Amino acid sequence: MDTEANGTSARHSTTHCRLTVRMSEYTVQLRIKNKHTFYEGRRPMNAFSLNHRVAPAAGLTAFFDLAVSLGVTDVEVRNELPGVAIADGTPAETVRREAEARGLTILSINALYPFNIWTPERAESARTLIDYAAACGAQGVVLCPLNDPAYRAGNAERLGRLREALAALAPLLRRAGVIGLVEPLGFPESSLRLKREAMEAIDAVGEAGTFKLVHDTFHHHVAGETEFFPGHTGLVHVSGVVDEGLSRDAMKDAHRVLVDAGDRLDNLGQIRELVAGGYAGPLSFEPFADSVSNAADIRSLLADSMTVLRQAEADPAR
């Protein structure tokens with residue numbers, strides 16, 4: 001759905017603005033065909049979540065404690081951060097125990113990469129990661145596509161390999177009761193830039209109950225996307241870019257900071273569009289910039305960014 005083309009942009013529609021749901025609570029129920037329930041229960045609308053990227057050097061318990069200190073109950077763990085769980089060999093049972101002790105829900109493990117280049121080695125990595133996700137209590141596994149300028153496959157081959165990977169992953173995910181969260185990467189060199197292509201491939205293999213989309217506000221902007229798929233979205237990643245000298249194609253992970261008043265990605269407009277379309281899941285902070293990773297007081301920075309987002313949510317004119 002191209003909401004701009006249909007005249008329903010949050011910038012131009014008073015009715016649309018009224019649809020912005022603020023901080024009231026209500027019951028969110030999103031049931032999926034395999035009976036795995038994603039984001040069910042009474043919770044604040046579009047509650048915040050923390051991805052371990054907000055403090056990549058922090059140990060597991062320190063990261064979990066950071067979430068608790070901010071009143072956040074949902075987290076994402078990662079499998080590539082050196083020296084910390086889960087790359088350091090921490091058992092899944094330990095991750096589960098520490099999360100449960102703090103009342104935290106693990107939304108995902110981030111990530112299986114590159115999920116869309118299916119090989120015997122990738123199949124083994126997928127089985128291992130999905131089994132770990134199930135054992136630690138994670139609801140999903142984020143699936144990231146190959147991002148490599150040397151990859152020159154034509155569209156037929158590229159999309160065929162995407163469908164092949166999804167079809168192979170589906171039974172592994174269903175068996176474990178874990179959701180596959182497909183995250184297109186908007187970079188020009190990415191082998192899967194657009195959410196529409198991901199959604200159409202999921203539909204083509206008949207696995208809409210097994211996979212959901214990740215709407216990443218950074219990648220949505222970098223890809224130049226205009227379409228939103230709130231009904232197919234299982235998770236939203238939030239980060240901002242403030243460097244005014246960057247062109248769209250020059251934006252990289254290193255430029256991704258926390259959302260503030262100088263954000264160039266229209267995070268607020270994107271979030272409003274998703275909410276108006278029915279998205280009721282969490283907004284997960286996923287910055288990559290060194291200025292965030294090395295911040296002396298990441299808690300205060302996160303609290304400030306949450307305030308910006310909540311104030312804008314309460315005042316659609318912002």
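Keep in mind it's a predicted model, so treat the numbers as computed, not measured.

(A) A look at the environment of Gly209. Along the chain, Gly209 turns up in the loop between helix 6 (195-204) and strand 8 (211-216). The class for Gly209 is buried, based on a relative accessible area of 7%. On a C-alpha basis, the gap between Gly209 and Arg174 in space is 9.2 Å, while along the polypeptide they are 35 residues apart.

(B) Region of interest: the side chain of Ser284. Here Ser284 lies in strand 10 (residues 283-285). The class of Ser284 is buried, set by a relative accessible area of 0%. Among the polar contacts listed, one links the side chain of Ser284 to the side chain of Ser49, at a separation of 3.3 Å. Within the local environment of Ser284, its side chain forms a polar contact with the side chain of Glu76, the two groups lying 2.5 Å apart. Excluding residues that lie within four positions of it along the chain, Ser284 makes contacts with Ser49, Leu50, Asn51, Glu76, Leu235, Val236, His237 and Val238.

(C) Main features of the packing of aromatic side chains. Counted under the stated rule, the structure contains 3 aromatic pairs. Their ring planes at 40 degrees and their centres at 5.8 Å tell us that Phe63 and Phe64 sit as a pair that is tilted. We note that Phe63, like Phe64, is buried. For the pair Phe187 and Phe218, a centre-to-centre distance of 5.8 Å together with 65 degrees between the ring planes defines the contact as edge-to-face. Placement of Phe187 in the loop between strand 7 (179-182) and helix 6 and of Phe218 in helix 7 (residues 217-222) is noted, with a sequence separation of 31 residues between them.

(D) Representation of the side chain of Thr210 within the structure. By secondary structure assignment, the location of Thr210 is in the loop between helix 6 and strand 8. By relative accessible area, Thr210 is classed as buried at 3%. Within the structure, the side chain of Thr210 is placed 2.7 Å from the side chain of Glu207, a separation counted as a polar contact.

(E) Just the sheet that holds strand 5 (residues 105-112), in detail. Reading around the circumference, 3-4-5-6-7-8-9-10 is the order of the 8 strands in this closed barrel, with parallel pairing throughout. Adjacent strand axes in the sheet meet at a mean angle of 30 degrees, parallel and antiparallel pairs treated alike. In this sheet, strand 4 (residues 74-78) lies alongside strand 3 (residues 48-51) in parallel orientation, the contact comprising 3 bridges. Within the sheet, the bridge partner assigned to Ser49 lies in strand 4 and is Asp74. In this fold helix 6 packs onto strand 7 and strand 8, with an angle of close to 175 degrees to the strand it touches most, strand 8.

(F) Region of the structure containing helix 2 (residues 60-69). Residues of helix 2 that are buried include every one of Leu60, Phe63, Phe64, Leu66 and Ala67, and no others. Along the axis of helix 2, the buried positions cluster into a sector of 150 degrees, meaning they face one direction only.

(G) Inspection of the layout of surface pockets at higher detail. Approximately 280 Å³ is the volume attributed to the second largest pocket. Of the residues belonging to the lining of the second largest pocket, the class tally is 6 nonpolar, 4 polar and 7 charged.

(H) Inspection of empty space enclosed by the protein at higher detail. Here the structure, examined in full by the defined rule, presents 2 cavities of 30 Å³ or more. In this model, the second largest cavity occupies a volume close to 30 Å³. For the second largest cavity, the full set of lining residues is Pro184, Lys195, Val214, Asp216, His219, His220 and Glu225. Elements supplying a minimum of two residues to the lining of the second largest cavity: strand 8 and helix 7. Counted by class, the lining of the second largest cavity contains 2 nonpolar, 2 polar and 3 charged residues.

(I) Structural view of the pattern of salt bridges. Taken as a whole, this structure holds 16 salt bridges when the rule is applied. When the shortest N-O distance is used, the salt bridge between Asp131 and Arg175 registers 3.3 Å. Of the two residues, Asp131 is situated in helix 4 (residues 120-136) and Arg175 in helix 5 (residues 155-176); the sequence distance between them amounts to 44 residues. Its salt-bridge partner being Asp253, residue Arg256 comes within 3.0 Å of it at the nearest N-O pair. Residue class for Asp253 comes out partly exposed when judged on its relative accessible area of 26%. One network of salt bridges, with partners in common, ties together Arg78, Glu80, Asp216, Asp253, Arg256 and Glu286.

(J) Quick look at the pairing of strand 6 (residues 140-143). In strand 6, alternate side chains face the same way, and those of Gly140 and Val142 on one face and Val141 and Leu143 on the other are all buried. Bridge analysis of strand 5 against strand 6 gives 4 bridges, and the strand direction is parallel. Looking at the pairing, Ile109 lines up with Val141 of strand 6. Between strand 5 and its parallel partner strand 6, the chain crosses via helix 4, and the hand of that crossover is right-handed. Pairing geometry for strand 6 and strand 7, over 4 bridges, is parallel. Across the sheet, Val141 pairs through a bridge with Gly180, a residue of strand 7. For the crossover from strand 6 across helix 5 to strand 7, the handedness is right-handed.

The rules behind each value
Residues numbered from 1 in each chain as written. Predicted model: local features only at pLDDT ≥ 70, side-chain atom pairs only at ≥ 80, totals over all residues. Heavy atoms only, no water. Helix = DSSP H or I, 4+ residues; strand = E, 2+ residues; numbered from the N terminus. Buried < 20%, exposed > 50% of the residue type's maximum accessible area, 1.4 Å probe, protein only. Polar contact = N/O pair within 3.5 Å; in protein donor to acceptor, adjacent residues only side chain to side chain. Contact = heavy atoms within 4.5 Å. Phe/Tyr/Trp six-rings, centres within 6.5 Å; stacked < 30°, edge-to-face > 60°. Pairing = 2+ DSSP bridges. Axes fitted to C-alpha atoms, helices over the stretch in contact; angles between N-to-C directions. Arc of directions from axis to C-beta. 1 Å grid on protein atoms, 1.4 Å probe; cavity = no way out; pocket = protein on both sides within 12 Å on 5 of 7 lines; lining within 4 Å. Points joined across faces, edges and corners; volume = space filled by probe spheres on them. Nonpolar A, V, L, I, M, F, W, Y, C, P; charged D, E, K, R; others polar. Salt bridge = Lys/Arg side-chain N within 4 Å of Asp/Glu carboxyl O. Right-handed = clockwise from strand over helix to strand, strands pointing away.

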